[in-house]
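If you want the building blocks of each chain, they are given just below.
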Amino acid sequence: MGKNKVVYVCQNCGYTTGRWLGKCPECGGWNTFTEEVDIYTPTVKRKGALNFLTSSGKPIPISQAKEIEYIRFSSGIKVLDNALGGGLVKGQVALIAGQPGIGKSTLLLQLAYKLSHQGKKVLYVSGEESVDQIYLRAKRLGALNDNLLVYSETVLEKIEETVEDISPDVLILDSVQTVFSTELESSAGSVSQVREVSYRLTELSKRKEITTFIVGHVTKEGQIAGPKVLEHIVDTVLQFEGERGSFYRILKVLKNRFGPSGEMAVFKMTTFGLEEVPEPSAFFISERNADRAGTVIFPHTEGNKPVLLEVQALVLPSVYTNPQRRSEGFDPNRLAILLAILEKEAGIFLRDKDVFVNIVGGIEVDEPGIDAAVAVAIVSSFKDIPLPPNVAVFGEMGLTGEIRNVYFAEARIKEAKRFGFKRILAPKSVALELREPGVEGYRHITELLEALDLT
Ligand code: TYD
Ligand code: MG
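Residues numbered from 1 in each chain as written. Chains lettered and ligands numbered in written order. Predicted model: local features only at pLDDT ≥ 70, side-chain atom pairs only at ≥ 80, totals over all residues. Heavy atoms only, no water.

S.K.: Would you take a moment to explain the overall build of the protein for this structure?
M.R.: Scanning the protein from terminus to terminus reveals twelve helices and 23 strands. The C-alpha radius of gyration computed for the protein amounts to 25 Å, which stays within 12% of the reference 23 Å derived for 455 residues, consistent with globular compactness. Seen through its principal axes, the protein has C-alpha atoms that stretch 70 × 55 × 50 Å. When each of the 455 residues of the protein is scored for burial, the buried share is 50%. For the protein, restricting intrachain contacts to residue pairs at least 6 apart in sequence, the fraction spanning at least 24 positions comes to 68%. Accessible area of the protein: about 21900 Å², with a carbon and sulfur share of 51%. Averaging the locations of the 53 positively and 58 negatively charged side chains of the protein gives two centres separated by 2 Å. (Helix = DSSP H or I, 4+ residues; strand = E, 2+ residues; numbered from the N terminus. Rg over C-alpha atoms; globule rule 2.2 N^0.38 Å. Buried < 20%, exposed > 50% of the residue type's maximum accessible area, 1.4 Å probe, protein only. Contact = heavy atoms within 4.5 Å. Areas by Shrake-Rupley, 256 points an atom, 1.4 Å probe, with all protein chains shown as cover. Lys, Arg positive; Asp, Glu negative; His and termini not counted. Charge placed at Lys NZ, Arg CZ, Asp CG, Glu CD.)

Printed below as a string of structure tokens:
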């Protein structure tokens, strides 16, 4: 015990145990445990838990609590301001997570420039690139400004000192995995280090009212310490995603203490950095072959601003004994369930068929409202019958084939109508509630397929 107590920490979610485990009981990851020195050893002094909440220290009637006015300011990037609920907040700490190469550094350097251009003092700390490398990138992006200070450093204590010294309005740390505290024995990028670095920088940002962005890399394998351990420390979690080979980049707001979550901002990667896409629906559906079988429009949303997406399916006879099922942007397990429901409830037998599903634009959809659209696209491809023009579809599909209500139905309908979709096929309950022209309600997948002449 004491100084060198060893624990095993899941590098994906931060679950800690006294012995090595093959599978993480918390997140289900395999082979994610590595040996680390316990961060709660006496060598690390921590004065109680992180506490940013100001209170009188005793319970009060809720009616006597005051409304807090956050001091907001524009990020200089309009789509980002919108997604964040009206700009950045003084003292806000945001994690920006994404796979390497997706464009996190590019976005933050552009953001740093825009903020410095507005007169904010910005400190961009990079543990990944030298100052000269950052300069080259900034030059290419047209992001040179005297208010933008760049600093290449990986030792947390030095970064803290510099921040105390300079007192920037905005701090950017790229990335949390490269920075380490000399007070801990584990290496940079380990869960203990990631936790410690984000903890201490959050504390510092709150105290000095600095708006801070922390970059966190994630890999599909979860080998690098997953930003999951940071999620509850920071105020805002932004996830940057996009397909390799696609220009589109989607920044999703997964958590936000200062605004709604579920919003998104869409960008396009160009040779001069990221460009805002103010009308993402128009972009996502612009290359659609509407007269072909296997494509359908789906109004997607996890917040108040829906986007229209093209859902594609390709169904063809399998040459293998085990037919292939692949999906991009849609959960493959969910796909297997939808195929089972189609077989049982609608008599669509696809066991000897390969089935491919793709959500165009590189967006990952994990809300249930997409079920009906995926099912319709699959049947359309299978039967080789294109959908009537101007049709959009949404609704969750239950295990008995029922089409279930989903969140934000009105917003979805509005967006579909805005882009000229005249027939919106929705859950029955939605149609009954809204009684709006153009909105057709269906209770069951078979009714939906009939309405589209797919039976
Ligand atoms: P980057 O911001 O370095 O990714 P991350 O920080 O998430 O690892 O982005 C890297 C990719 O972006 C790289 O493949 C090159 C591309 N890129 C452009 O296409 N245009 C640009 O102006 C810049 C700076 C990068
Ligand atoms: Mg980077």
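More follows now that the structure is in view.
S.K.: Help me understand empty space enclosed by the protein in this model?
M.R.: In this approach a probe as big as a water molecule rolls over the atoms, and the regions it shows empty are the leftover space. By the definition in use, this model includes one cavity of 30 Å³ or more. Considering the residues around the largest cavity, the lining is formed by Arg288, Ala290, Leu387, Pro388, Pro389, Asn390 and Val391. Of the residues assigned to the lining of the largest cavity, the class counts are five nonpolar, one polar and one charged. (1 Å grid on protein atoms, 1.4 Å probe; cavity = no way out; pocket = protein on both sides within 12 Å on 5 of 7 lines; lining within 4 Å. Points joined across faces, edges and corners; volume = space filled by probe spheres on them. Nonpolar A, V, L, I, M, F, W, Y, C, P; charged D, E, K, R; others polar.)

S.K.: Looking at this structure, I do not really get the sheet that holds strand β3 (residues 33–37). What am I missing?
M.R.: Strand pairing in a sheet relies on backbone hydrogen bonds, with the paired strands running either antiparallel or parallel. Ordered in space as β2-β1-β3, the three strands form an open sheet in which the pairing is antiparallel. The open sheet has two free edges, formed respectively by β2 (16–17) and β3, since each of these has just one partner strand. Where strand β1 (residues 6–10) meets β2, two bridges bridge the pair, whose relative direction is antiparallel. If you follow valine 9 over to β2, its bridge partner there is threonine 16. (Pairing = 2+ DSSP bridges.)

S.K.: Help me out: how do you make sense of the packing of aromatic side chains in this one?
M.R.: Between two aromatic rings, the relevant description is the distance of the centres plus the angle of the planes. Within the structure shown, the criterion is met by six aromatic pairs. Arranged with centres 6.3 Å apart and planes meeting at 85 degrees, the rings of phenylalanine 240 and phenylalanine 267 form a pair that is edge-to-face. Of this pair, phenylalanine 240 sits in strand β11 (residues 236–241) while phenylalanine 267 sits in strand β13 (residues 264–270), and the two are 27 residues apart along the sequence. Since its relative accessible area comes to 1%, phenylalanine 267 is described here as buried. (Phe/Tyr/Trp six-rings, centres within 6.5 Å; stacked < 30°, edge-to-face > 60°.)

S.K.: Would you explain the domain arrangement of the protein in this entry?
M.R.: Many descriptions give the size of an interface as the accessible area lost when the pieces come together. One can read the domain layout of the protein as domain 1 (6–37), domain 2 (71–278) and domain 3 (283–451). Inter-centroid distance (C-alpha atoms) of domain 1 to domain 3 is 38 Å. (Domains from an automatic or database assignment.)

S.K.: Mind showing me how you'd approach the sheet that holds strand β6 (residues 93–98) here?
M.R.: Taken in spatial order, the nine strands line up as β8-β7-β9-β10-β6-β11-β12-β13-β14 in an open sheet, and their pairing is mixed. The sheet is open, and its two borders are formed by β8 (148–152) and β14 (273–276), each paired with just one other strand. Looking at each pair of strands side by side, their axes are set apart by 25 degrees on average, direction ignored. Most of the contacts of helix α3 (residues 131–141) go to β8, to which it runs at about 145 degrees, and overall it touches β7 (122–126), β8 and β14. (Axes fitted to C-alpha atoms, helices over the stretch in contact; angles between N-to-C directions.)

S.K.: Whenever I open this one, the confidence of the model for the protein confuses me. Can you help?
M.R.: Residues shown with low pLDDT carry predicted positions that ought not to be read at fine detail. A residue-level look at the protein finds 93% of positions with pLDDT of 70 or above and a mean pLDDT of 90. A low-confidence stretch, residues 40–45 (pLDDT under 50), is modelled with ten contacts involving residues beyond four sequence positions or located in other chains. (pLDDT = per-residue confidence, 0-100.)

S.K.: Sorry, what's going on with the environment of leucine 238 here?
M.R.: Locating leucine 238 in the fold gives a position in strand β11. Sequence separation between leucine 238 and leucine 254 is 16 residues; the distance between their C-alpha atoms is 5.9 Å. The residues touching leucine 238, leaving out its near neighbours within four places in the chain, are Leu84, Leu95, Ile96, Ala97, Phe213, Leu251, Lys252 and Val253.

S.K.: Teacher, can you tell me more about the site of ligand 1 here?
M.R.: Looking at ligand 1, there are 16 residues lining it, with Gly101, Ser105, Thr106, Thr270 and Gly273 nearest. One of the backbone N or O atoms of threonine 271 is found 3.1 Å from an oxygen atom in ligand 1. Between ligand 1 and glycine 273 there is a distance of 2.8 Å, counted from an oxygen atom to a backbone nitrogen or oxygen. Taken by itself ligand 1 offers 550 Å² of open surface, and the protein chains cover 74% of this. Elements represented by at least two residues in the shell around ligand 1 include exactly α2 (104–117), α3 and β13. The class makeup of the residues in the shell around ligand 1 is five nonpolar, eight polar and three charged. (Near = heavy atom within 4 Å. Polar contact = N/O pair within 3.5 Å; in protein donor to acceptor, adjacent residues only side chain to side chain.)

S.K.: Would you take a moment to explain the packing of α2 against α3 for this structure?
M.R.: Pairs of packed helices are described in terms of their axes, by the angle between the two and the distance that separates them. At a minimum axis distance of 10 Å, the contact between α2 and α3 shows a crossing angle of 70 degrees. Considered as vectors, α2 and α3 are oriented roughly perpendicular to each other. The chirality of how α2 crosses α3 is right-handed. Note on element contacts: α3 touches α2 through Ile134, Arg137, Ala138 and Leu141, opposite Ser105, Thr106, Leu109 and Gln110. Residues belonging to the contact of α2 with α3 are distributed by class as follows: four nonpolar, three polar and one charged. (Parallel < 35°, antiparallel > 145°, perpendicular 65-115°, else oblique. Left-handed = near helix turned anticlockwise from the far one by under 90°.)

S.K.: Help me understand the pairing of strand β17 (residues 325–328), please; the structure alone is not making it clear to me.
M.R.: On a regular strand, one side chain projects to one face of the sheet and the next to the other, so that they alternate. Direction of pairing for β17 relative to strand β18 (residues 353–359): parallel, over a ladder of four bridges. Its bridge partner being in β18, glutamate 328 is matched across the sheet by asparagine 358. Note that the unit made of β17, helix α8 (residues 332–346) and β18 has a crossover that is left-handed. (Right-handed = clockwise from strand over helix to strand, strands pointing away.)

S.K.: Help me understand a nonpolar patch on the surface, please; the structure alone is not making it clear to me.
M.R.: On the surface, a nonpolar cluster with roughly 320 Å² of combined accessible area is contributed by Tyr135, Leu136 and Leu144. Within the fold, leucine 144 resides in the loop between α3 and β8. (Patch = residues over 30% accessible without salt bridge, like charges linked within 9 Å, V, L, I, M, F, W, Y side chains within 5 Å. Salt bridge = Lys/Arg side-chain N within 4 Å of Asp/Glu carboxyl O.)

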